[in-house]
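# Descriptive analysis of the structure
In case you want the letters, here they are:
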Amino acid sequence: QVQLVESGGGLVQAGGSLRLSCAASGGLITINAMGWYRQAPGKQRELVATISRGATTNYADSVKGRFTISRDNAKNTVSLQMNSLKPEDTAVYYCNADVKSVRDPYRYQGVWGQGTLVTVSS
């Protein structure tokens, strides 16, 4: 029942910036960890960044220093600020969250968004 909707993807030139957002809704009780993942053509989905409810962050080495993950617990959102973008950042970016919902109020369950495409040109 819980849904995650990403937004903010698009086409940007190398060296530019883009900000992705993800909003959770639908029977939510609480959200624990949240994160961003990406999948480039011909590659497996990989972790980009995660953030705990207490705001502890973790980044893939490839984006460390360029990307920043943040969350707003009151609004049930998570964002990814992407700076100094490179062509190799081109991928579909997916939002993920561990949630407790009305459907399953006694355990956390992982849910995924539909993905948003980021294309970085040179």
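Residues numbered from 1 in each chain as written. Predicted model: local features only at pLDDT ≥ 70, side-chain atom pairs only at ≥ 80, totals over all residues. Heavy atoms only, no water.

What the rule picks out here adds up to 1 cavity of 30 Å³ or more. Here the largest cavity defines a volume of roughly 30 Å³. Together, Ile31, Met34, Arg53, Arg71, Asp72, Asn73, Asn76 and Thr77 line the largest cavity. Of all the secondary structure elements, the ones that give two or more residues to the lining of the largest cavity are β4 (28-39) and β7 (67-72). (1 Å grid on protein atoms, 1.4 Å probe; cavity = no way out; pocket = protein on both sides within 12 Å on 5 of 7 lines; lining within 4 Å. Points joined across faces, edges and corners; volume = space filled by probe spheres on them. Helix = DSSP H or I, 4+ residues; strand = E, 2+ residues; numbered from the N terminus.)

Taken together, the 4 strands give an open sheet; going across it, the order is β1-β3-β8-β7, and neighbouring strands pair in antiparallel fashion. A strand with exactly one partner marks an edge of an open sheet, and here the two such strands are β1 (3-7) and β7. The mean inter-strand angle of the sheet, taken between neighbouring strand axes irrespective of direction, is 15°. Two elements, β1 and strand β3 (residues 18-25), share 5 bridges in a ladder whose sense is antiparallel. In the strand pairing of β3, Ser7 is matched with Ser21. (Pairing = 2+ DSSP bridges. Axes fitted to C-alpha atoms, helices over the stretch in contact; angles between N-to-C directions.)

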